[in-house]
Amino acid sequence: MDLAYTPEEEEFRARLRAWLTRTLPLLPPKPSPDDWPARRAYDLGWQRRLYDAGYAHVHWDASPTVRLIFLEETERAGAPYVGANFVGLLHAGPTIAAEGTPAQRERWLEPILKGEEVWCQGFSEPDAGSDLASLRTRARRDGDVYRVTGSKIWTSHAEVADWCELLVRTDPDAPRHQGITWLAMPMDAPGVTVRPLRTLAGSAEFAEVFLDDVPVPVANRVGAENDGWRVTMVTLSFERGTAFAGEVVACRRVLAELAREAHGNGRWDDPALRRRLGRLEAEFRALWRLVQWNVGEATENGVPGAGGSVFKLRYSHARQQLYDATADVLGDAALDLDRPWVLERLSSLSYTIAAGTSQIQRTIVAQRVLGLPKGR
Ligand SMILES: Cc1cc2nc3c(=O)[nH]c(=O)nc-3n(C[C@H](O)[C@H](O)[C@H](O)COP(=O)(O)OP(=O)(O)OC[C@H]3O[C@@H](n4cnc5c(N)ncnc54)[C@H](O)[C@@H]3O)c2cc1C
């Protein structure tokens, strides 16, 4: 895989950089982290600008190098993060592109790219997180609809989502991996109740979702009935393999800022801290190489492979270590929620849990990447 940048790609970089320089000053101020409707409007507004300028499709069908340039330049310029568009743009959309029918691709992909619709992910249940195949939310076929009853938990952005990539059990008698189906559920369907959950950092970023006889058209099923586990693996490989790519660039920027702050406040004189930041620099450089690998693989094969778990495992730990280091550099100021990095430090705890815990990733790496035998 050749990841060198060609002159044409460097031209793309220059065009994008110029566009970002012109466009970023026109953006409205960033909304408060607690104001989800405002955050939705802000994130969709940014996506619409990308669409109008011809950059919205980059995550999906550009060459790996163009995708990497896009991530580097948007982060370098301080452009907004995908935010509420995370699920739609980075794993529901790519799943529909890979597994959906032409009609489904036509219905759902363009509104995601245009910043018109927000998606959330209804996979986890109270007793089915790491052991996702034990999910119990039931869907019963009733003519042209499935009637869905059950509950989901930890559903990020559920409050402001239009659609949910939903896993349901369609055959309770089948072996547990074989009775599952992947549906696109409209969040405004009758019988959907969203109850926000407050995080340690104070924001209601995710929710419980209760489903009471919710009608979901059979036409919204992605993949065959009872073949949802396979479709889910496609979704998870995008979520773990490529969805956090942009955040690696952001972490490298934070690390550079942290070193500057340490120089400024005298903490740089501590050799142990310098060693720690040096190790993190090496780790994030290695992670960027893994991003290049995964983005290349996703472009070549349509879907990233199990190597995405290697990235997810290392990235989520490196992120925690980075934000722990911010506390050492900030000292007492690390208790002040209004200081930069403090909220990110609190939320970095969740990264080794979300999108599959580190223990689960280790098992996947052991079995599917290293080919070690399955334990009992
Ligand atoms: C910030 C955040 C956002 C999230 N957003 C979403 C979302 O939008 N949609 C969604 O569907 N879910 C979401 N989740 C849920 C997330 O995917 C689950 O929390 C995760 O899969 C773990 O499941 P659990 O919480 O049920 O923990 P459990 O599965 O109960 O695990 C508890 C502990 O036991 C360990 N464990 C369990 N089984 C094994 C095993 N076989 N081997 C070794 N160790 C094991 C786990 O690693 C963990 O440490 C989110 C979570 C977080 C933190």
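It should be emphasised that the depicted structure is a prediction, and the values quoted were computed from it without experimental measurement.

Turning to the overall build of the protein chain, a few remarks are in order. The secondary structure content of the protein chain amounts to 12 helices and eight strands. Here the C-alpha radius of gyration of the protein chain, 21 Å, is about what a compact globule of 376 residues would show, namely 21 Å. If one aligns the C-alpha atoms of the protein chain with their principal axes, the spans along those axes are about 70 × 50 × 40 Å. Looking at the protein chain as a whole, 49% of its 376 residues qualify as buried. Looking at the protein chain alone, contacts between residues at least 24 apart form 73% of all its contacts between residues at least 6 apart. Counting every atom, the protein chain has about 17,500 Å² of accessible surface; 52% of that belongs to carbon and sulfur.

Next up on the list: the domain arrangement of the protein chain. By domain assignment, the protein chain separates into domain 1 (7-114), domain 2 (119-226) and domain 3 (241-370). Here the C-alpha centre of domain 3 lies 22 Å away from the C-alpha centre of domain 1. Across the contact, 12 residues belong to domain 1 and 17 residues belong to domain 3. Taken over both partners, the interface formed by domain 1 and domain 3 buries close to 1,200 Å², and the fraction arising from carbon and sulfur atoms is 71%. Summed over the shared surface of domain 1 and domain 3, the result is one salt bridge. Where E75 meets R253, a salt bridge forms, and the shortest distance between an N and an O atom there is 2.4 Å. Our count for the contact surface shared by domain 1 and domain 3 stands at two residue pairs in polar contact (both at pLDDT 80 or more). Counted by class, the side of domain 1 that touches domain 3 contains eight nonpolar, one polar and three charged residues.

A side chain of one charge can pair with a side chain of the opposite charge when the charged atoms of the two come close. The tally for this structure, following the rule as stated, stands at 29 salt bridges. For the salt bridge of K152 with E125, the shortest nitrogen-to-oxygen distance reads 2.9 Å. Here K152 is found in strand β3 (residues 145-156), whereas its partner E125 is found in the loop between β1 (119-122) and β2 (138-142), with 27 residues between them in sequence. For E125, a relative accessible area of 8% translates into the label buried. Ionic pairing is found between D142 and R147, a salt bridge with its closest N-O pair at 3.0 Å. Under the relative-accessibility criterion, D142 is labelled partly exposed at 35%.

Let's shift gears to the packing of aromatic side chains. This structure, assessed with the given rule, holds 12 aromatic pairs. Arranged with centres 6.2 Å apart and planes meeting at 80°, the rings of Y315 and Y351 form a pair that is edge-to-face. Highlighted residues: Y315 in helix α10 (residues 308-330) and Y351 in the loop between α11 (342-348) and α12 (358-369), separated in sequence by 36 residues. Three or more aromatic residues joined by ring pairs make a cluster, and in this case those are F86, F244, F311, Y315 and Y351. Its guanidinium or amino end placed over the ring of W36, R39 lies 3.9 Å from that ring's centre, counting from NZ or CZ. Directly above the ring of Y351 sits R319, whose terminal nitrogen or CZ lies 4.1 Å from the centroid.

As a further point, take helix α1 (residues 7-23). With 17 residues, α1 should reach 24 Å at 1.5 Å per residue; the first-to-last C-alpha distance of 24 Å fits that figure. Among the residues of α1, those classed as buried are E9, F12, R13, L16, W19, L20 and T23. The arc that holds the buried residues of α1, viewed along the axis, is 135°, so those residues lie on one side. Structural note: α1 exposes P7, E11, T21 and R22 on the side pointing more than 90 degrees away from its buried face. Taken together, the buried residues of α1 touch α2 (36-52), α3 (58-61) and α4 (64-76).

So, on to the nonpolar core. Core analysis: the biggest nonpolar cluster contains 77 residues, and W119, F284, Y315 and L322 have the highest contact counts within it. What F284 contacts, discounting residues up to four positions off in sequence, is V248, C251, R252, L255, Y315, A318, R319 and L322. Core analysis: the next-biggest nonpolar cluster, separate from the first, contains 23 residues, L44, A158, V209 and V214 among them.

Attention now moves to the site of the ligand. In the vicinity of the ligand lie 16 residues, with Q121, S124, S130, W154 and T357 positioned nearest. Measuring from an oxygen atom of the ligand, one finds a side-chain N or O atom of S130 at 2.7 Å. Contact between the ligand and S156: a nitrogen atom at 2.8 Å from a side-chain N or O atom of the residue. Protein chains shield 64% of the accessible area of the ligand, which is 970 Å² for the free molecule. Of all elements in the fold, only β3 and α12 reach the threshold of two or more residues within the shell around the ligand. Considering only residue class, the shell around the ligand consists of seven nonpolar, nine polar and no charged. Each of domain 2 (119-226) and domain 3 (241-370) accounts for three or more of the residues forming the shell around the ligand.

Here is what the cut-offs are and how they apply
- Residues numbered from 1 in each chain as written.
- Predicted model: local features only at pLDDT ≥ 70, side-chain atom pairs only at ≥ 80, totals over all residues.
- Heavy atoms only, no water.
- Helix = DSSP H or I, 4+ residues; strand = E, 2+ residues; numbered from the N terminus.
- Rg over C-alpha atoms; globule rule 2.2 N^0.38 Å.
- Buried < 20%, exposed > 50% of the residue type's maximum accessible area, 1.4 Å probe, protein only.
- Contact = heavy atoms within 4.5 Å.
- Areas by Shrake-Rupley, 256 points an atom, 1.4 Å probe, with all protein chains shown as cover.
- Domains from an automatic or database assignment.
- Buried area = accessible area lost by both parts, 1.4 Å probe.
- Salt bridge = Lys/Arg side-chain N within 4 Å of Asp/Glu carboxyl O.
- Polar contact = N/O pair within 3.5 Å; in protein donor to acceptor, adjacent residues only side chain to side chain.
- Nonpolar A, V, L, I, M, F, W, Y, C, P; charged D, E, K, R; others polar.
- Phe/Tyr/Trp six-rings, centres within 6.5 Å; stacked < 30°, edge-to-face > 60°.
- Lys NZ or Arg CZ within 6 Å of the ring centre and 35° of its normal.
- Expected span 1.5 Å × (residues − 1).
- Arc of directions from axis to C-beta.
- Core = buried A, V, L, I, M, F, W, Y, C linked by side-chain atoms within 4.5 Å.
- Near = heavy atom within 4 Å.

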